[in-house]
Amino acid sequence: MTPTQDGDATPDETGADEGAIRVQPVLDDFACIGAACSDTCCAGWSMQVDDATLARWQGVFTAAEQSAMTMVDADAGRVMARAPSTGACVKLDQGWCAIHRSHGHEMLSKACAAFPRRVTTDIDGVRRKIAQLGCPEVVRLAVAAGSGAGRTGVRAGEDGITATFCALLPGRPASDRMRAVLALAGSIARFPMPDRPAAATALGRGIHDRLPAPATDPLDEPRLLLTLGAVLHATGGHRRPALDQAMQRLEAALGLTLDRATLDLTGRPDADPEALARARDTAWDVHAAGTGLDAALSAWIDHQLAASPHSPTAAPLPTTTPEALPGLRLAIGFAVARLVARMAALGVAEGLQTSHTARDLFIADAAVFSRLLDHLSRPALLDGLATECGWTTAARLHGLVGPSRAG
């Protein structure tokens, strides 16, 4: 079982025959960096312990040690025990898994051994081993690899919906590409499944000329923050330092304070949210290219299109509801990534960040929020929360990813 944010489990397919699977190139270079990571995968979700792992532990750990290491969760079954003070796995020790360090990778449960790898089947029926963007090291490697469909594991000349999405508007600013993805996802979802590949190819050719005009609303970003807070609240408030810090940076950037218990948003007395938004946009226009942040955001988009189980290339495409376009979770992910990229650019403009540290901050925050959204295993929950928070109109889904003049 793979770890999940809200306690539900998703099928683990990591043992599939790799000869029939296309592996993302990022995984060739991936290795856990442990204590050097800006986050930890040893906290914030259920880490299931399968029967095969328990069998391997016999003779390695005493019965008392196994009892102390595991617990039974009402939703997820047997999982690694969590430290009451931090919520982290009891075997997390100075940024490293003590089981991995002392006994090797083969002693880990399937859940822990698999992340951030995942085997999935895309909408074209192609089996892919993907690298999940909830891991900061995966995001760093994806950004370092640069933009381009080939970086995601999509082969040159490959046909199908996945290849069409990954090839949309190459070289264009990141926000253009985000808007094109959402527009095309919304269009092809209206076709019967057998007709979608041909529809994607035909509609994708001229998508830039048919992009909807961006909508702006000063309440969009506060509603986005409220939606993220609602997700945390509804899923049990799983907390870890990296997530807490990212949420605090988001609140400060918007000039707001979010009460996680009551979900009340209050303005900070010394902040002007609209002025802060203008400053972020100006900083992006000036610094996006020179800092490499636009290239980093575009590389993140490429990887998201092939590596997220909730991308428009996943099988099946997200459904349409009266209040939301297909790809609501993807749209929220795009909006958050766009916002944290602009926050990083503003840090450069204000002299608080160098180009290098700004990209590192983008990588860390993009990974935190990708993990939050990618491992929310009940799509209807996010739909309902976004509706309650006022973040679901068609115009907003397209508009939040920004005007076409900037990435």
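Owing to the predicted nature of the structure, the values given are computational and were not obtained by experimental measurement.

Participant: Is there a simple way to think about the overall build of the chain in this case?
Facilitator: When helices and strands are tallied, the chain shows 17 helices and nine strands. Every one of the 407 residues in the chain was classed for burial, and the buried ones make up 53%. Considering only intrachain contacts with a sequence separation of at least 6, the fraction spanning at least 24 residues in the chain is 72%. When the accessible surface of the chain is split by element, carbon and sulfur atoms take 55% of a total near 16,700 Å².

Participant: Just checking my understanding: could you explain the environment of Phe 362 for this structure?
Facilitator: Of note, Phe 362 is situated in helix α15 (residues 355–374). Relative accessible area serves as the criterion here: at 0%, Phe 362 is assigned to the buried category. Taking the C-alpha atoms as reference points, Phe 362 and Met 343, separated by 19 residues in sequence, lie 8.3 Å from one another. Those residues in contact with Phe 362 that sit more than four places away from it in its chain are Val 143, Leu 293, Ala 296, Leu 297, Trp 300, Ala 337, Val 340 and Ala 341.

Participant: Teacher, can you tell me more about the pairing of strand β3 (residues 77–80) here?
Facilitator: Sheet analysis places strand β2 (residues 70–73) next to β3, joined by four bridges and oriented antiparallel. Within β3, the residue paired with Val 72 across the bridge is Arg 78. In this antiparallel pair of consecutive strands, β2 and β3, the connection spans three residues.

Participant: How should I be thinking about the nonpolar core in this particular structure?
Facilitator: One broad rule of soluble globular proteins: the nonpolar side chains tend to lie buried together. Counting 101 residues, the largest nonpolar core has Ile 99, Phe 165, Leu 297, Trp 300, Ile 332, Phe 362 and Phe 369 as its most contacted members. When residues of this core are assigned to their parent elements, the largest contribution, 16 residues, is made by helix α14 (residues 328–349).

Participant: Is there a simple way to think about the packing of aromatic side chains in this case?
Facilitator: Given two aromatic rings, one states the distance between the centres and the angle between the planes to describe the pair. On inspection of all chains with the given rule, the structure shows three aromatic pairs. Aromatic side chains Trp 45 and Phe 115 sit 5.0 Å apart centroid to centroid with 80° between the ring planes, which places their arrangement in the edge-to-face category. Taken together, the residues Trp 45 in the loop between α1 (26–29) and α2 (51–57) and Phe 115 in the loop between α5 (110–114) and β6 (117–121) connect sequence positions 70 residues apart. Trp 45 sits in the buried class, given a relative accessible area of 2%.

Participant: Can you help me understand the pattern of salt bridges in this one?
Facilitator: Pairs can form between side chains of opposite charge once their charged atoms are near each other. Inspection of the entire model under this criterion finds 13 salt bridges. Of the charged contacts, one joins Arg 371 and Asp 39 as a salt bridge, the two residues approaching to 3.9 Å between their closest N and O atoms. Remark: Asp 39 occurs in the loop between α1 and α2 and Arg 371 occurs in helix α15; sequence separation between them is 332 residues. Since its relative accessible area comes to 3%, Arg 371 is described here as buried. In this structure, the salt-bridge partner of Arg 249 is Asp 365, at a minimum N-O distance of 2.5 Å. Highlighted residues: Arg 249 in helix α11 (residues 241–254) and Asp 365 in helix α15, separated in sequence by 116 residues. In this structure Arg 249 comes out as partly exposed when scored by relative accessible area, which is 28%. A residue is classified by how much of its surface remains accessible, and Asp 365, at 2% relative accessible area, is buried. Through salt bridges with shared partners, one network takes in Asp 39, Arg 240 and Arg 371.

Participant: So what exactly am I meant to see when it comes to the confidence of the model for the chain here?
Facilitator: Parts of the prediction with low pLDDT should not have their coordinates interpreted in detail. Overall, the predicted model of the chain reaches an average pLDDT of 81, with 81% of residues at or above 70. Taken element by element, the chain is modelled with least confidence in helix α17 (residues 394–399), mean pLDDT 47, and with most confidence in strand β8 (residues 256–258), mean pLDDT 95. Below a pLDDT of 50 lies the segment residues 1–17, which in the model reaches 52 contacts outside its immediate sequence neighbourhood of four places, other chains included. Residue range residues 397–407 is modelled with pLDDT below 50. Its contacts to residues more than four positions away, or to other chains, number 49 contacts.

Participant: Got a minute to help me understand the packing of α14 against α15 in this structure?
Facilitator: Angle between the axes and distance between the axes are the two parameters that describe a pair of packed helices. Two elements in contact, α14 and α15, have axes separated by 9 Å at closest approach and are oriented at 160°. Comparing the axis directions of α14 and α15 gives the class roughly antiparallel. When you trace α14 past α15, the crossing you get is right-handed. Across the interface between the two elements, Arg 329, Ile 332, Gly 333, Val 336, Ala 337, Val 340, Ala 341, Met 343, Ala 344 and Val 348 from α14 touch Ser 355, Ala 358, Phe 362, Asp 365, Ala 366, Phe 369, Leu 373 and Asp 374 from α15.

Participant: Just to check I follow, could you spell out the environment of Ala 344 for this structure?
Facilitator: With respect to the secondary-structure elements, Ala 344 resides in helix α14. Separated by 51 residues in the primary sequence, Ala 344 and Leu 293 have C-alpha atoms spaced 8.1 Å apart.

Participant: Quick question: what am I supposed to make of the side chain of Gln 132 here?
Facilitator: You can see Gln 132 is positioned in the loop between β7 (127–131) and α6 (136–145). Residue classification places Gln 132 among the buried positions, given a relative accessible area of 2%. Those residues in contact with Gln 132 that sit more than four places away from it in its chain are Phe 115, Pro 116, Arg 117, Arg 118, Val 138 and His 375.

Participant: When you look at the packing of α11 against α14 in this model, what are you seeing that I'm missing?
Facilitator: Following both chains from N to C, one finds α11 and α14 inclined at 70°, their axes separated by 11 Å at the closest point. When the axis of α11 is compared with that of α14, the two are roughly perpendicular. Two secondary-structure elements touch here, α11 through Arg 249, Leu 250, Ala 253 and Leu 254 and α14 through Leu 339, Val 340 and Met 343.

Participant: Would you mind showing me how to read the state of the cysteines here?
Facilitator: Here, disulfide denotes a covalent bond that connects the sulfur atoms of two cysteines. Taken as a whole, this structure holds zero disulfides when the rule is applied. Not part of a disulfide, Cys 41 finds its nearest cysteine sulfur in Cys 42, a span of 4.6 Å. Taking the relative accessible area as the measure of exposure, Cys 41 reaches 34% and is therefore partly exposed. Cysteine Cys 135 is unpaired, with the sulfur of Cys 37 as its nearest cysteine sulfur at 5.7 Å. The class for Cys 135 is buried, based on a relative accessible area of 8%.

Reading guide: rules and limits
What you see as residue numbers is a count from 1 along each chain, following the sequence as written. Note on the predicted model: pLDDT of at least 70 is required for a residue's local features to be given, and 80 or more for side-chain atom pairs to be given and counted; whole-chain, interface and lining totals, by contrast, use all residues. Side-chain numbers here rest on the full set of heavy atoms in the structure, without hydrogens or water. In DSSP terms, a helix is any run of H or I states spanning at least four residues, a strand is any run of E spanning at least two, and both are numbered starting from the N terminus. Under the scheme applied here, a residue whose accessible area is under 20% of the maximum for its type counts as buried, over 50% as exposed, and between as partly exposed, the area being computed with a 1.4 Å probe on protein chains only. In what follows, residue pairs with any heavy atoms lying within 4.5 Å of each other are defined as contacts. Note on areas: these come from Shrake-Rupley sampling with a 1.4 Å probe, and a residue is covered only by the protein chains present in the view. Strand pairing is defined by DSSP finding a minimum of two bridges between the two strands. Definition used in this section: a nonpolar core is a set of buried Ala, Val, Leu, Ile, Met, Phe, Trp, Tyr and Cys residues joined via side-chain atoms within 4.5 Å. Aromatic rings from Phe, Tyr and Trp, taking only the six-membered ring of Trp, are treated as a pair when their centres fall within 6.5 Å; an angle between ring planes under 30 degrees marks them as stacked, one over 60 as edge-to-face, and anything in between as tilted. Each reported salt bridge corresponds to a side-chain nitrogen of Lys or Arg within 4 Å of a carboxyl oxygen of Asp or Glu. Confidence of the predictor at the level of single residues is given by pLDDT, which spans 0 to 100. For helices, the axis comes from a line fit to the C-alpha atoms of the stretch in contact; other axes are also lines fit to C-alpha atoms, and the angle between any two N-to-C directions lies between 0 and 180 degrees. With respect to orientation, any angle under 35 degrees is reported as roughly parallel, any angle over 145 as roughly antiparallel, any angle of 65 to 115 as roughly perpendicular, and every other angle as oblique. By definition, any crossing whose near helix is turned counterclockwise from its far helix by less than a right angle is left-handed, and any crossing with a clockwise turn is right-handed. Defined by distance alone, a disulfide is two cysteine sulfur atoms within 2.5 Å.

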